[in-house]
Amino acid sequence: MSQGRIAFQGELGANSHEACAAYFPDHEPVPHPTFDEAFEAIKTGDCQLGMIPVENSIAGRVADVHHLLPNSGLKIIGEKFKPIRFQLMVNPGVKLEEVTTVQSMAIAISQCRKTVKRLGLKAETVGDTAGAARMLAQTPDRTRAAISPALAAEIYGLEILLRDIEDERHNTTRFLVMTAQSEPEPPPFTSPCITSFVFRVRNLPAALYKALGGFATNGVNMTKLESYMEDGAWTATFFYAEVDGRPEDRGLALALEELQFFSERFEILGVYPADPFRARA
């Protein structure tokens, strides 16, 4: 029985859908065409959770999401790392030697370049990996294949000819689990945690250097620092950061106190358990 709904960006069968199914099997996955719409579904309560990709080990950060996070009004309650696996799929009964063209999202094709080249296939880009599978199912063509996650083949009735065709086995996407709850339940103290926050430094000489000094002097490990352009201004004064620990930990508490002294805006976006994948990576 479903315990709620979880929003993701993309079509049914996308990697984000696979992540929802893997980590929240009791929630109904709800697709949305854009990240804006996925965030809005969480904010309005149409979906209780969101599974939002923020970075990939090959492609880097998901820029759209990083610009939505600071003003979303949502909280981060978890992170999930998902290995990305791509499958070459066709309409039922099609043989590999019949295929001349492969379709998928540009980034998926680029991540499977060696297989595409080895097979001598012409590549055509479409907007979404799962969408490539859906279009192939809706318009059967014995000369075409799609590169898509395995779940898409199951949903759209396609057959997988070649499995796990990505060039790099380390291909991994990090997802953030989002909620509209203003004060979500804190993570257990038995779990190593991550704290995510945004801040804007005051317009002072060396403000960023001074704002970040407390993390070094208090032994706090900062794992991410991203700058933002606000309102078209070329001065990078707005930042998203992630650090190890909880705000109530003495070292981090002192570091955040120093940060806020040199900042005109500061907001914690989430305190959540670190995914065990971090220890294995």
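Every value quoted in this text rests on a predicted model; they were computed, and no experiment measured them. (Residues numbered from 1 in each chain as written. Predicted model: local features only at pLDDT ≥ 70, side-chain atom pairs only at ≥ 80, totals over all residues. Heavy atoms only, no water.)

Turning our eyes to something else, we now look at the pairing of strand β9 (residues 144-148). With respect to burial, β9 is a largely interior element, five of its five residues being buried. Neither face of β9 is exposed, since R144, A146 and S148 on one face and A145 and I147 on the opposite face are all buried. Looking at chain direction, strand β6 (residues 87-90) and β9 are connected through three bridges and run antiparallel. Paired with Q87 across the two strands is S148, which belongs to β9. For strand β7 (residues 101-104) and β9, the ladder comprises three bridges, and the chain directions are parallel. The partner of T101 across the bridge, within β9, is R144. (Buried < 20%, exposed > 50% of the residue type's maximum accessible area, 1.4 Å probe, protein only. Helix = DSSP H or I, 4+ residues; strand = E, 2+ residues; numbered from the N terminus. Pairing = 2+ DSSP bridges.)

Moving on, we get to the side chain of S72. The topology assignment puts S72 in the loop between α3 (63-68) and β5 (75-83). The exposure class assigned to S72 is buried, which follows from its relative accessible area of 5%. Within the local environment of S72, its side chain forms a polar contact with the backbone oxygen of L69, the two atoms lying 3.1 Å apart. With residues near it in sequence (within four places) discarded, S72 still touches F39 and K43. (Polar contact = N/O pair within 3.5 Å; in protein donor to acceptor, adjacent residues only side chain to side chain. Contact = heavy atoms within 4.5 Å.)

Evaluation of the coordinates by the stated rule reveals seven aromatic pairs. A centroid spacing of 6.1 Å and a plane angle of 5° characterise the contact between F197 and F215, whose relative ring orientation is stacked. Highlighted residues: F197 in strand β12 (residues 193-201) and F215 in helix α8 (residues 207-217), separated in sequence by 18 residues. Like F197, the residue F215 is buried in the burial classification. On the basis of an interplanar angle of 20° and a centroid distance of 5.3 Å, the ring pair of F199 and F239 is categorised as stacked. Taken together, the positions of F199 in strand β12 and F239 in strand β14 (residues 238-244) put the pair 40 residues apart, joining distant regions of the chain. The two residues F199 and F239 agree in class, both being buried. Among the aromatic residues, those joined into a cluster by ring pairs are F197, F199, F215, F239 and F266. (Phe/Tyr/Trp six-rings, centres within 6.5 Å; stacked < 30°, edge-to-face > 60°.)

Residue position: K43 is located in helix α2 (residues 35-44). Classification of K43 by relative accessible area gives partly exposed; the value is 41%. C-alpha separation for the pair K43 and G73, spaced 30 residues apart in sequence, amounts to 7.6 Å. Ignoring anything within four residues of it in the chain, the contact list for K43 reads S72, L74 and A180.

For the rest of this paragraph, the subject is the layout of surface pockets. Roughly 610 Å³ of volume is contained in the largest pocket. Those elements that provide at least two residues to the lining of the largest pocket are α1 (15-23), β3 (49-56), β4 (60-61), α3, α4 (106-111) and β11 (172-179). The set of elements that each furnish at least two residues to the lining of the second largest pocket consists of β5 and β15 (263-273). Tallying contributions element by element places β15 first for the lining of the second largest pocket, with six residues. Here the residues of the lining of the second largest pocket sort into 13 nonpolar, three polar and four charged. (1 Å grid on protein atoms, 1.4 Å probe; cavity = no way out; pocket = protein on both sides within 12 Å on 5 of 7 lines; lining within 4 Å. Points joined across faces, edges and corners; volume = space filled by probe spheres on them. Nonpolar A, V, L, I, M, F, W, Y, C, P; charged D, E, K, R; others polar.)

Let us look at the environment of P29. Within the secondary structure layout, P29 lies in strand β2 (residues 27-32). P29 gets classed as partly exposed once you look at its relative accessible area, which sits at 22%. When residues no more than four places from it in sequence are discounted, the contact partners of P29 are I6, F8, H17 and C20.

Another point: the nonpolar core. Ranked by size, the top nonpolar core spans 23 residues in total, and within it I52, V65, L69, I76, L176, M178 and Y240 carry the most contacts. Elements that contribute at least two residues to this core include exactly α2, β3, β11, β12, β14 and β15. With five residues, α2 is the largest single contributor of residues to this core. (Core = buried A, V, L, I, M, F, W, Y, C linked by side-chain atoms within 4.5 Å.)

Within the secondary structure layout, D167 lies in the loop between β10 (159-162) and β11. Here D167 sits buried without a salt bridge, and the closest side chain of opposite charge, R113, lies 4.8 Å off (N-O distance). Among the polar contacts listed, one links the side chain of D167 to the backbone nitrogen of K114, at a separation of 3.1 Å. What D167 contacts, discounting residues up to four positions off in sequence, is S110, Q111, C112, R113, K114 and T115. (Lys, Arg positive; Asp, Glu negative; His and termini not counted. Salt bridge = Lys/Arg side-chain N within 4 Å of Asp/Glu carboxyl O.)

Read these as layout, nothing more, since geometry by itself doesn't imply function.
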